[in-house]
Amino acid sequence: MFIRVLIQTVVLALAQIWANKVRAMLTTLGIIIAVAAVIIIVGAMTGLKTFVLDQFATFGANKVWVFPRMPPNMRDRYSFRQLRLTTAQIDGIAQFSPSLERITPVMMLNTTVQFGDRVRPGVPVQGVRPSWHEIEQRFALKGRPLAPLDEEERRQVCLVNDKAIDELGLDADPTGDFLLLDGRRFLIVGVVETKAVSPMFGGNEAQSELIIPFRTGEMMRPEPRMFAIATTRSPELFADAKVEIGTYLRRVRHLKPDEPDTFGVEAIEQVIEQFKKVAGAITVGAGAVVGISLLVGGIGIMNIMLVSVSERTREIGLRKAVGARPGVILIQFLVEAVVLCLVGAGVGLLLGNGAVLAMRMAKDSPLEAAQTPMWAIVVSAAFAAATGVIFGMFPAIKAARLNPIDALRHE
Amino acid sequence: MVAPQHPLIIRIADLHKVYRIGAEKVHALRGMSLEIRRNEFVAIMGASGSGKSTLLNVLGCLDQPTRGVYELAGRPTHRMSVGELSGVRNDLIGFVFQSFELLPRATALKNVQLPLIYSRRYWVGTGARARRALERVGLADRMKHRPNQLSGGQRQRVAIARALVNEPAIILADEPTGNLDSKTGDEIIGLFRQLHAEGQTIIMVTHEEDIAGNAGRIIRLRDGVVMSDHPTEEDPTHQDYVRRALETAQRDAGRAAPGAAP
């Protein structure tokens, strides 16, 4: 009997919804929005995650950054000089930390570059050691890379990238030409590929880059600001490397045990973890929004079910008169509420998936990989059904408790 | 018409029903007793407030008596739970209402099938059973019609088919012709007579003497007790009514004949 009543009830509920299409749509708006929101947010987060992780992957998984960092709220206690990373410290790290494979200091300068009648102020120039090529996985496309001899002899040589060639109006193969950097004459010895750097890291991928030997840079700017990039021998050695670098730097900086670190050591892994935390937080926040939508939707469902019970009082009376037990009436109205919610969830799924599809299809979309995982569909449908049960319960109990005599007399 | 050889289908003994309306107590039934046998066609009559509706609700297991005994087909129903009463209504009783009470969105067939959906007796072949019931009331060609596509008489036939579909012990009809014109009403009563002839027990509440005249037995209520209970041909009130109706008809005929000459 139960299954027959269930099937009949589902058919009846669908017919009822079909007969009141507009009313059903308005009633389930909260459910529709909630489900669509779940699908869109989860879909977008999936796409964003793929996008961001792809970006990170371009950096290499075994890279480590070492940089000076002012401990929070201690601006007065440490001078810039105390914080500054020195070549001596970087060389010390290289010796002290067996987990590291390679390390190079990186100094960032801004120089005025002149080529022919073109003058470009504020062009970023990086001073690095030759190991930079391996660490960054960027090699010379034309000409040659930086060599140890360039470093030792402080040669005034430089590498340029494609963008710099464009911006400065250099030849397609500029090796052998000379540039003026802050009035000093530099020989272009090679071209490095332009690396796609995500805007997330402040790097605009289309940026001119000039690479010069580190010591040549020191000649131009004594005591420059610098940081170090290193690679570990394998990605999982990051934790070891962090301890080694920390121990060494604290020792040479004479930090007491109760003093905080005046430097930072970070790896791409950490940034990924941080991103995952942020993504998790966004998902939780979205969950709260969805919860509120479901609450509002549920109240809408309860309202319409109460209307339905009162509109169909005579029908309920008749059903009871011909032998429907209170439990069966209860189930009938619960099923109706659940079906209503599931129809709303279906519409929400269509809308949400449409939006996710639009994200994928959009031109130059960073969310190309946006997609709706199966669990999101199952979870949102389950929550919609649960909303139907919870908010349909009160009207259903009301219907089940109706006295058939009064119900049949109801006008 | 009373057939003593048939077994009892209804036994009511010293039935009381007290309603509480606010602080006021309404004594609707005051120790009513009566017996009805299988294959009787009984009309219950009485002014409003006579306990007619209350009796019908108790007979239909829609309401419980405050005190007393009600046995339907040998089952004592006066102390049953709500769920058990639902089962009794489904198994033993077919209702026919004054205003038909059909589901507007369902076809005639679906309407007739409704009691079977809640039945624990009939699991399979409910569609065929409902079709047979509709054929019995002469609506074989209207099965797929909805109530709003049917005339009043047809709607009441659908309702009667619905009452018949679970082969009930009794049919309870509450003013079954109350919403119909006289001609259609006569047709519906004809259907009841036919069902009675086929062996169906029918209990009908009405306030119209000529409708009640179709029953084999008339029970008149007043102030919550049975005032009179006679076979129709022995019921003085009814015989009085029939005689007067006859006289009126003859007088009208007598007046009409000379009036037509000039």
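Cut-offs used in this document
Residues numbered from 1 in each chain as written. Chains lettered and ligands numbered in written order. Predicted model: local features only at pLDDT ≥ 70, side-chain atom pairs only at ≥ 80, totals over all residues. Heavy atoms only, no water. Pairing = 2+ DSSP bridges. Helix = DSSP H or I, 4+ residues; strand = E, 2+ residues; numbered from the N terminus. Axes fitted to C-alpha atoms, helices over the stretch in contact; angles between N-to-C directions. Contact = heavy atoms within 4.5 Å. Buried area = accessible area lost by both parts, 1.4 Å probe. Salt bridge = Lys/Arg side-chain N within 4 Å of Asp/Glu carboxyl O. Polar contact = N/O pair within 3.5 Å; in protein donor to acceptor, adjacent residues only side chain to side chain. Nonpolar A, V, L, I, M, F, W, Y, C, P; charged D, E, K, R; others polar. Phe/Tyr/Trp six-rings, centres within 6.5 Å; stacked < 30°, edge-to-face > 60°. Buried < 20%, exposed > 50% of the residue type's maximum accessible area, 1.4 Å probe, protein only. Lys NZ or Arg CZ within 6 Å of the ring centre and 35° of its normal. Patch = residues over 30% accessible without salt bridge, like charges linked within 9 Å, V, L, I, M, F, W, Y side chains within 5 Å. Areas by Shrake-Rupley, 256 points an atom, 1.4 Å probe, with all protein chains shown as cover. Lys, Arg positive; Asp, Glu negative; His and termini not counted. Charge placed at Lys NZ, Arg CZ, Asp CG, Glu CD. Parallel < 35°, antiparallel > 145°, perpendicular 65-115°, else oblique. Left-handed = near helix turned anticlockwise from the far one by under 90°.

(A) Structural context of the sheet that holds strand S9 (residues 217–222) of chain B. Residues and elements named next belong to chain B. An order of S6-S7-S8-S3-S9-S10 is seen for the 6 strands of this open sheet, with the pairing classed as mixed. Strands at the two margins of the open sheet, each flanked by one partner only, are strand S6 (93–96) and strand S10 (225–231). Within the sheet, the average angular offset between the axes of one strand and its neighbour, ignoring direction, is 20 degrees. Pairing of S6 with strand S7 (residues 170–174), which is carried by 4 bridges, proceeds in the parallel orientation. Following the sheet pairing, Phe-95 is matched in S7 by Leu-172. Helix-sheet contacts for helix H2 (residues 82–92) involve S6 and S7, and the interaxial angle to S6 is about 80 degrees.

(B) Up close: the interface of chain B and chain A. Counting residues at the interface gives 27 residues for chain B and 23 residues for chain A. With both sides pooled, the region where chain B packs onto chain A buries about 2300 Å², and carbon together with sulfur makes up 58% of that total. By the criterion of area lost to chain A, the three top residues of chain B are Arg105(B), Ile117(B) and Tyr118(B), representing 29% of everything that side buries. Linking chain B with chain A are 1 salt bridge. Between Arg314(A) and Glu101(B) there is a salt bridge whose closest N-O contact spans 2.3 Å. At the junction of chain B and chain A, the tally comes to 7 residue pairs in polar contact (both at pLDDT 80 or more). Looking at the side of chain B that touches chain A, the elements that each hand over two or more residues are H2 and helix H3 (108–117) of chain B. A total of 7 residues in the side of chain B that touches chain A trace back to one element, the largest contributor, which is H2(B). Here the residues of the side of chain B that touches chain A sort into 12 nonpolar, 8 polar and 7 charged.

(C) Highlighting the sheet that holds strand S2 (residues 24–37) of chain B. All names here are of chain B. Here we have 4 strands laid out as an open sheet, ordered S2-S1-S4-S5, and antiparallel in their pairing. Unpaired on one side and paired on the other, S2 and strand S5 (75–76) mark the two borders of the sheet. Sheet topology note: the strand S4 (residues 67–72)/S5 ladder contains 2 bridges and is antiparallel. Considered in S5, the bridge of Leu-72 is made with Arg-75.

(D) Molecular detail of the packing of aromatic side chains. Residue and element names in this part refer to chain A. The tally for this structure, following the rule as stated, stands at 3 aromatic pairs over all chains. Geometrically, the ring pair formed by Phe-96 and Tyr-248 is tilted, given 5.6 Å between the ring centres and 35 degrees between the ring planes. Here Tyr-248 lies in helix H10 (residues 238–252) and Phe-96 lies in helix H5 (residues 87–96), a separation of 152 residues in the sequence. Classification of Phe-96 as partly exposed rests on a relative accessible area of 32%. Take Tyr-248: its relative accessible area is 11%, and that puts it in the buried class. Here the guanidinium or amino end of Lys-21 rests over the ring plane of Trp-18, the centre of that ring lying 4.1 Å away. Sitting above the plane of the Phe-178 ring, Arg-185 keeps its charged end 3.8 Å from the centroid.

(E) Spatial organisation of a negative patch on the surface. Residues Asp162(A), Asp166(A), Glu167(A) and Glu193(A) make up a contiguous surface patch of negative charge. On the accessibility criterion, Asp166(A) (56% relative accessible area) is exposed.

(F) View of the packing of H3(B) against helix H5 (residues 152–164) of chain B. Residue and element names in this part refer to chain B. Where H3 contacts H5, the two axes come as close as 7 Å, and the packing angle between them is 30 degrees. As the angle between them shows, H3 and H5 are arranged roughly parallel. The two elements H3 and H5 cross, and the hand of that crossing is right-handed. The segment H3 lies against H5, with Ala-108, Asn-111, Val-112 and Pro-115 engaging Val-158, Ala-161 and Arg-162. Residue composition of the contact of H3 with H5, by class: 5 nonpolar, 1 polar and 1 charged.

(G) Representation of the pairing of strand S2 (residues 100–115) of chain A. Residues and elements named next belong to chain A. Note that S2 and strand S9 (residues 226–232) share 7 bridges and pair antiparallel. Bridging across to S9, Met-107 finds its partner in Met-226. Here 8 bridges tie S2 to strand S3 (residues 118–128), and the two strands are oriented antiparallel to one another. Across the sheet, Asn-110 pairs through a bridge with Pro-124, a residue of S3. Between S2 and S3, which pair antiparallel and follow one another directly, the connecting turn spans 2 residues, one of which, Gly-116, has a positive phi of 60 degrees.

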